[in-house]
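# Architecture and fold: a report
The residues making up each chain are set out below.
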Amino acid sequence: MPTLKALPCSQFAVGGRRYIADRDGVIANVDPDHVGALLNSGCIVVEPWQAPVQQSAPPPSPRPEPPKVKVRARPHAVFATPEGRRYTADAEGIILAAPEHHGILLRAGCTRV
């Protein structure tokens, strides 16, 4: 159990448990789960203590890329959808667009490939 030091006779309540420093400011028998909260309250560690290793959640799986629709425009032409998504044609005039923007690009003058 870690031992912490605080101002003499100071009191802390963490997780339903009450900790009171003695006249020397020592708080003994601290629950390891409460050490972080007590350190944030201004206590310092007197006895060597290692923070418990927290298991991190696995990273979220990447969302699959939506299928792209290929359209042709003038080389290096720039188009924007009403939502603000911008598309720029490459040197051959090819644009790979999201399916929901296919109709917008066709109405703007692009052709199907």
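Each remark here, short or long, concerns the structure printed above.
A few points on the structure. (Residues numbered from 1 in each chain as written. Predicted model: local features only at pLDDT ≥ 70, side-chain atom pairs only at ≥ 80, totals over all residues. Heavy atoms only, no water.)

### Describing the sheet that holds strand β9 (residues 94-97)
The three strands are arranged β9-β6-β10 in an open sheet whose pairing can be described as antiparallel. Looking along the sheet, the strands with just one partner apiece sit at the ends: β9 and β10 (111-112). In this sheet, β10 lies alongside strand β6 (residues 69-72) in antiparallel orientation, the contact comprising two bridges. Each bridged residue has a counterpart across the sheet, and for Arg72 the counterpart in β10 is Thr111. (Pairing = 2+ DSSP bridges. Helix = DSSP H or I, 4+ residues; strand = E, 2+ residues; numbered from the N terminus.)

### Observations regarding the sheet that holds strand β4 (residues 26-27)
Strand order in the open sheet formed by three strands is β4-β1-β5, and the pairing between neighbours is antiparallel. Of all strands in the sheet, those with a lone pairing partner are β4 and β5 (44-45), marking the two edges. Of the strand pairs in this sheet, strand β1 (residues 4-5) and β4 are connected by two bridges, and their pairing is antiparallel. Counterpart to Lys5 in the pairing with β4 is Val26.

### Describing the side chain of Thr3
Along the chain, the position of Thr3 falls in the segment before β1. When its relative accessible area of 15% is taken as the criterion, Thr3 is described as buried. Here Thr3 is in contact with Val26, Ile27, Ala28, Ile44, Val45, Val46 and Glu47, once residues within four sequence places are set aside. (Buried < 20%, exposed > 50% of the residue type's maximum accessible area, 1.4 Å probe, protein only. Contact = heavy atoms within 4.5 Å.)

### Some details on the environment of Pro59
On the secondary structure map, Pro59 appears in the loop between β5 and β6. For the pair formed by Pro59 and Arg74, sequence separation is 15 residues and the distance between their alpha carbons is 41 Å.

### Examining unusual backbone geometry
Phi is positive for Cys9, close to 65°, though the residue is something other than glycine. Tracing the chain through its elements places Cys9 in the loop between β1 and β2 (11-14). Here His76, not a glycine, exhibits a phi torsion of approximately 65°, which is positive. The exposure class assigned to His76 is exposed, which follows from its relative accessible area of 55%.

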